[in-house]
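# Fold and contact review
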Amino acid sequence: MAEFTVRAARTPDIRGIQQILEPFVQRRILLGKDLVVLYESVQQFVVAEDDTGRLVGCGALHVMWEDLGEVRTLIVADDWLRRGVGHAIVDRLEQDARKLGLARLFCLTFEVEFFRRRGFEPIGEQIVPPDVYSQLLRSPDEGVAEFLDLAHVKPNTLGNTRMLKPLV
């Protein structure tokens, strides 16, 4: 059985990330990201690569607020599903979140049971204080809008579940 490792992404990985992202965009599971957006966020990504150096998965950690981050763009190549890649990527993102001082992680997902096994729970409407909510409203980031469950992003998030995990 082939091995894999999880490491921080580097700029040469971005085109590979885009390649493993594209089938999920075509199936309307994930939203597409322009290449420039992927390059701008390379420091948020970790990648899983097999023992030949092929990218077999990725995930990103996006800081949303002083204590809150989001697991984004979690992808595992179809031929690597159920081999621990997704768990290893989420573990690494959780470690990175703790190093940054984050206390909670958010995700928006169709894979509810996967994230539930990782300690995430579905959340309700308002999970940040009103003053933080008003600050987050100022963010141009679509992921923040999804977290806030704003009406203009709902067509993109139908069927997804908003989930949260405390890291403390």
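Residues numbered from 1 in each chain as written. Predicted model: local features only at pLDDT ≥ 70, side-chain atom pairs only at ≥ 80, totals over all residues. Heavy atoms only, no water.

Glancing now at the environment of G57. With respect to the helices and strands, the residue G57 is situated in strand 3 (residues 55-65). Distance in space between the C-alpha atoms of G57 and G16 is 9.5 Å, their sequence separation being 41 residues. In this view, G57 contacts I20, V46, V47, A48, I75, V76, V85 and I89; residues no more than four positions away in its chain are not counted. (Helix = DSSP H or I, 4+ residues; strand = E, 2+ residues; numbered from the N terminus. Contact = heavy atoms within 4.5 Å.)

We now examine the pattern of salt bridges. Across all of its chains, the model carries 13 salt bridges by this definition. Across the salt bridge formed by R98 and E94, the nearest N and O atoms sit 3.9 Å from each other. Of the two residues, R98 and E94 both sit in helix 3 (residues 85-100), 4 residues apart, roughly one turn of that helix. Where K165 meets E94, a salt bridge forms, and the shortest distance between an N and an O atom there is 2.9 Å. Of this pair, K165 sits in strand 7 (residues 161-166) while E94 is found in helix 3, placing the two residues 71 residues apart along the sequence. Look at E94 and you get buried, because its relative accessible area is 5%. A single network of salt bridges, built from pairs that share partners, joins D91, E94, R98, R118 and K165. (Salt bridge = Lys/Arg side-chain N within 4 Å of Asp/Glu carboxyl O. Buried < 20%, exposed > 50% of the residue type's maximum accessible area, 1.4 Å probe, protein only.)

Looking now at the packing of aromatic side chains. The full count for this structure, using the stated rule, is 3 aromatic pairs. Here the aromatic rings of F114 and F115 are separated by 5.1 Å at their centres, their planes lie at 90°, and the arrangement is edge-to-face. Residue F114 is classed as buried on the basis of its relative accessible area, which comes to 15%. When its relative accessible area of 5% is taken as the criterion, F115 is described as buried. Relative to F120, the ring of F115 lies with its centre 5.1 Å away and its plane at 80°, an arrangement referred to as edge-to-face. By the burial criterion, F115 is buried, and F120 matches it. Cluster of aromatic residues (ring-pair linked, three or more members): F114, F115 and F120. Between R27 and the ring centre of F24, over which it is positioned, the NZ or CZ distance is 4.6 Å. Across from the ring centre of W80, 3.9 Å away, lies the NZ or CZ of R83, which sits over that ring. (Phe/Tyr/Trp six-rings, centres within 6.5 Å; stacked < 30°, edge-to-face > 60°. Lys NZ or Arg CZ within 6 Å of the ring centre and 35° of its normal.)

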